[in-house]
Amino acid sequence: TELIIAEIASQAEVSKLISLAPEKRINNAARLASLEGTGLLDSEPEECFDALTALAAKLLDAPTALLSLVDNERQFFKSQFGLGEPWSTRRQTPLSHSFCQWVVSQEKALIVGDAREHTVLRNNGAVHDLGVVAYAGVPLMIDPKHTVGSFCTLDSNQHEWTAIDVENLSDLAKIVNAFVVVQMVK
């Protein structure tokens, strides 16, 4: 039992080190209303989005790609390609396991070649529980004022993302945004 108590204490210390994005940006009422207005939270997967996440993974030579929507407590994966279990079935993680929250709060791309060396991300649960080492994510902006999520690729190995990778990811995110706006109009 002493080993179990020591492990619990160790995990508690690590969780204290996890940085979360600024609450006032994540909990912004107008941003959350814009996200809710998409109708995508907790919705079923859709072929048009799944094709774009698969394409992102192929173009960026990454094993995983996500269309992640960030609310005030979690990130929901509207689409995913290559995400392992149990996460692909759950289709969400808490913010403690989210790099996408930083894209949302900063409203700009986040490009990380090795999160294990990143001062803010190295203790993130995505590194420890999902095996995320490298991340390239760009904002999803349904309107020009609010970032509702991130379109991103992940790698379990160190990955040097190129300017062309980020440009391709940004172009695909524009297509995602267009699909979302079209669905909202229906």
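Our subject is the structure that appears above.
As the structure is a computational prediction, the values presented were derived from the model and not from experiment.

1. Examining the packing of aromatic side chains
(1) Moving on: Applying the stated criterion across every chain yields a total of 2 aromatic pairs.
(2) Moving on: With a centroid separation of 6.0 Å and an interplanar angle of 85 degrees, the aromatic rings of F49 and F179 are classed as edge-to-face. Taken together, the residues F49 in helix α4 (residues 47-59) and F179 in helix α8 (residues 163-185) connect sequence positions 130 residues apart.
(3) Moving on: Given a relative accessible area of 31%, F179 falls into the partly exposed group.
(4) Moving on: For the pair F99 and Y135, a centre-to-centre distance of 5.3 Å together with 70 degrees between the ring planes defines the contact as edge-to-face. With F99 in the loop between β3 (92-94) and α6 (100-106) and Y135 in strand β5 (residues 134-143), the pair connects residues that are 36 residues apart, well separated along the chain.
(5) Moving on: Note on F99: relative accessible area 3%, which makes it buried.
(6) Moving on: Looking at Y135, the relative accessible area reads 1%, which means it is buried.
(7) Moving on: Sitting over the face of the ring of W87, R90 holds its NZ or CZ atom 5.0 Å from the ring centroid.

2. Structural notes on the state of the cysteines
(1) Moving on: One pass over the full model with this rule turns up 0 disulfides.
(2) Moving on: Cysteine C100 is unpaired, with the sulfur of C152 as its nearest cysteine sulfur at 3.8 Å.
(3) Moving on: The exposure class of C100 is buried, given its relative accessible area of 2%.

3. Structural notes on the sheet that holds strand β4 (residues 110-112)
(1) Moving on: One open sheet accounts for 6 strands, arranged β3-β2-β1-β6-β5-β4; its pairing is antiparallel. Every other strand in the sheet has two partners, leaving β3 and β4 as the edge strands with one partner each. Across the sheet, the mean angle from the axis of one strand to that of its neighbour is 25 degrees, orientation sign disregarded.
(2) Moving on: For strand β1 (residues 64-70) and strand β6 (residues 146-155), the ladder comprises 6 bridges, and the chain directions are antiparallel. Bridging from a neighbouring strand, L66 pairs with C152 of β6.
(3) Moving on: Of the strands in this sheet, β1, β5 and β6 are in contact with helix α3 (residues 29-37), which crosses β6 at around 70 degrees.

4. Description of the pattern of salt bridges
(1) Moving on: In this structure the tally under the stated criterion is 5 salt bridges.
(2) Moving on: Close ionic contact of D71 with R74 constitutes a salt bridge, the shortest N to O distance being 3.0 Å. A single burial state applies to D71 and to R74, both of which are buried.
(3) Moving on: The residue R116 makes a salt bridge to D114 at a minimum N-O spacing of 2.9 Å.
(4) Moving on: Residue classification places R116 among the partly exposed positions, given a relative accessible area of 48%.
(5) Moving on: A residue is classified by how much of its surface remains accessible, and D114, at 10% relative accessible area, is buried.

Thresholds, definitions, all that
Residues numbered from 1 in each chain as written. Predicted model: local features only at pLDDT ≥ 70, side-chain atom pairs only at ≥ 80, totals over all residues. Heavy atoms only, no water. Phe/Tyr/Trp six-rings, centres within 6.5 Å; stacked < 30°, edge-to-face > 60°. Helix = DSSP H or I, 4+ residues; strand = E, 2+ residues; numbered from the N terminus. Buried < 20%, exposed > 50% of the residue type's maximum accessible area, 1.4 Å probe, protein only. Lys NZ or Arg CZ within 6 Å of the ring centre and 35° of its normal. Disulfide = S-S within 2.5 Å. Pairing = 2+ DSSP bridges. Axes fitted to C-alpha atoms, helices over the stretch in contact; angles between N-to-C directions. Contact = heavy atoms within 4.5 Å. Salt bridge = Lys/Arg side-chain N within 4 Å of Asp/Glu carboxyl O.

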